[in-house]
Amino acid sequence: MLLPYMESGRIEAGCDEAGRGCLSGAVFAAAVILPQDYYHPLLNDSKQLSEKQRYTLRPIIEQEAIAWAVGIVTPQEIDKINILNASILAMHRAVEQLSQAPQHLLIDGNRFKPYKDIPHTCVVKGDGKYLSIAAASILAKTYRDDYMMQLHELHPQYGWDKNKGYPTKEHRYAIEQYGATPYHRQSFRLTDPQLKLFE
């Protein structure tokens, strides 16, 4: 059972990001404030859900949350500040857009930089522990998937409709073959020297 809150009576926002390990595309993060007594039988860590379940839950979360927002950091910004800082910045951008100010942030993972003077708690595998982080993981993942589907229309040769920018063997082969796009993260190792051995 996922927990509805860490501390009763305070306004907590769960935060999570999607796309950190990708070779291409922006990193997305979401922040979600749920009602204290919130419950939905399907709501779980986005990695435990099917794509269909995530897209079923997204409008429910958006409708029933007290506040929610999505933050985005571009591949160019990722190359400038590195992916860890970019993931944190995406969360900051999401929190900044919330229509209600949270009193505490629940962060998925073990690294974060304070946002303004709002206290925070890092929770490793938090998307499998707290409802608000699970909800944030679903929003971040589905909005990023939508964005990668749009990019796929522009550059179909990389298979982004299936790999969503993650480093699959097919994705790396396509980069070898066609080169990188402006949507690729130049600071990442885009091609795998191992692939050369099998050619």
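Residues numbered from 1 in each chain as written. Predicted model: local features only at pLDDT ≥ 70, side-chain atom pairs only at ≥ 80, totals over all residues. Heavy atoms only, no water.

A.B. asks: What is the right way to look at the packing of aromatic side chains in this model?
C.D. replies: Two aromatic rings, taken as a pair, are described by how far apart their centres are and by the angle between their planes. Under the criterion given, the structure shown has four aromatic pairs. When the ring of Trp68 is compared with that of Tyr143, the centres are 6.1 Å apart and the planes differ by 20°; the resulting orientation is stacked. With Trp68 in strand β3 (residues 67-73) and Tyr143 in helix α4 (residues 131-154), the pair connects residues that are 75 residues apart, well separated along the chain. For Tyr143, a relative accessible area of 23% translates into the label partly exposed. Arranged with centres 6.2 Å apart and planes meeting at 70°, the rings of Tyr158 and Tyr178 form a pair that is edge-to-face. Within this pair, whereas Tyr158 is found in the loop between α4 and α5 (160-163), its partner Tyr178 is found in helix α6 (residues 169-178), the two being separated by 20 residues in sequence. In this structure Tyr158 comes out as buried when scored by relative accessible area, which is 3%. Assessed through its relative accessible area of 47%, Tyr178 is described here as partly exposed. Of the aromatic side chains, those joined through ring pairs into one cluster are Tyr158, Trp160 and Tyr178. (Phe/Tyr/Trp six-rings, centres within 6.5 Å; stacked < 30°, edge-to-face > 60°. Helix = DSSP H or I, 4+ residues; strand = E, 2+ residues; numbered from the N terminus. Buried < 20%, exposed > 50% of the residue type's maximum accessible area, 1.4 Å probe, protein only.)

A.B. asks: Got a minute to help me understand the nonpolar core in this structure?
C.D. replies: Core analysis: the largest hydrophobic core is formed by 30 residues, its most contacted members being Val32, Leu34, Leu43 and Ile61. Of all the secondary-structure elements, those providing two or more residues to this core are β2 (27-33), α1 (51-64), α4 and α6. Element by element, the count of residues in this core is highest for α4, at 10 residues. Excluding anything up to four places from it in sequence, Leu34 contacts Glu12, Leu43, Ala65, Ile66, Leu131, Ser132 and Ala135. Val27, Val73, Ala86 and Tyr115 belong to the second-largest nonpolar core, a separate cluster that totals 24 residues. (Core = buried A, V, L, I, M, F, W, Y, C linked by side-chain atoms within 4.5 Å. Contact = heavy atoms within 4.5 Å.)

A.B. asks: Would you take a moment to explain unusual backbone geometry for this structure?
C.D. replies: For residues besides glycine, phi is generally negative; the peptide bonds are generally trans as well. Positive phi is not limited to glycine here, since Asn82 has a value of about 80°. Locating Asn82 in the fold gives a position in the loop between α2 (75-81) and α3 (83-96).

A.B. asks: Help me understand the pairing of strand β4 (residues 104-108), please; the structure alone is not making it clear to me.
C.D. replies: Each regular strand shows side chains that alternate between the opposite faces of the sheet. Within β4, five of the five residues are buried, which leaves the element mostly enclosed by the surrounding structure. Here β4 shows no split at all, with His104, Leu106 and Asp108 on one side and Leu105 and Ile107 on the other all buried.

A.B. asks: Mind showing me how you'd approach α1 here?
C.D. replies: In an α-helix, one turn spans 3.6 residues; hence positions three or four apart end up facing the same way. An ideal rise of 1.5 Å per residue puts 20 Å on 14 residues; α1 measures up with 20 Å between its terminal C-alpha atoms. The sharpest bend along α1 reaches about 25° and sits at Leu57, with the proline Pro59 one to four residues further on. Residues Arg54, Leu57, Arg58 and Ile61 constitute the buried set of α1. Among the structural elements, β2 and α4 are those in contact with the buried residues of α1. (Expected span 1.5 Å × (residues − 1). Bend = angle between axes of the 7 residues up to and from the residue.)

A.B. asks: Honestly, the packing of α1 against α4 in this entry has me stumped. Any pointers?
C.D. replies: Think of two packed helices as two axes; the pair is described by the angle between the axes and how far apart they sit. Between α1 and α4, the shortest axis-to-axis distance is 9 Å and the interhelical angle comes to 115°. Comparing their axes, α4 and α1 come out roughly perpendicular. For the crossing formed where α1 meets α4, the hand is left-handed. Contacts from Glu51, Arg54, Tyr55, Leu57, Arg58, Ile61 and Glu62 in α1 reach Ala135, Ile138, Leu139, Lys141, Thr142, Tyr143, Asp145 and Asp146 in α4. In the contact of α1 with α4, the residues fall into seven nonpolar, one polar and seven charged. (Axes fitted to C-alpha atoms, helices over the stretch in contact; angles between N-to-C directions. Parallel < 35°, antiparallel > 145°, perpendicular 65-115°, else oblique. Left-handed = near helix turned anticlockwise from the far one by under 90°. Nonpolar A, V, L, I, M, F, W, Y, C, P; charged D, E, K, R; others polar.)

That's the geometry; what it means functionally is another story.
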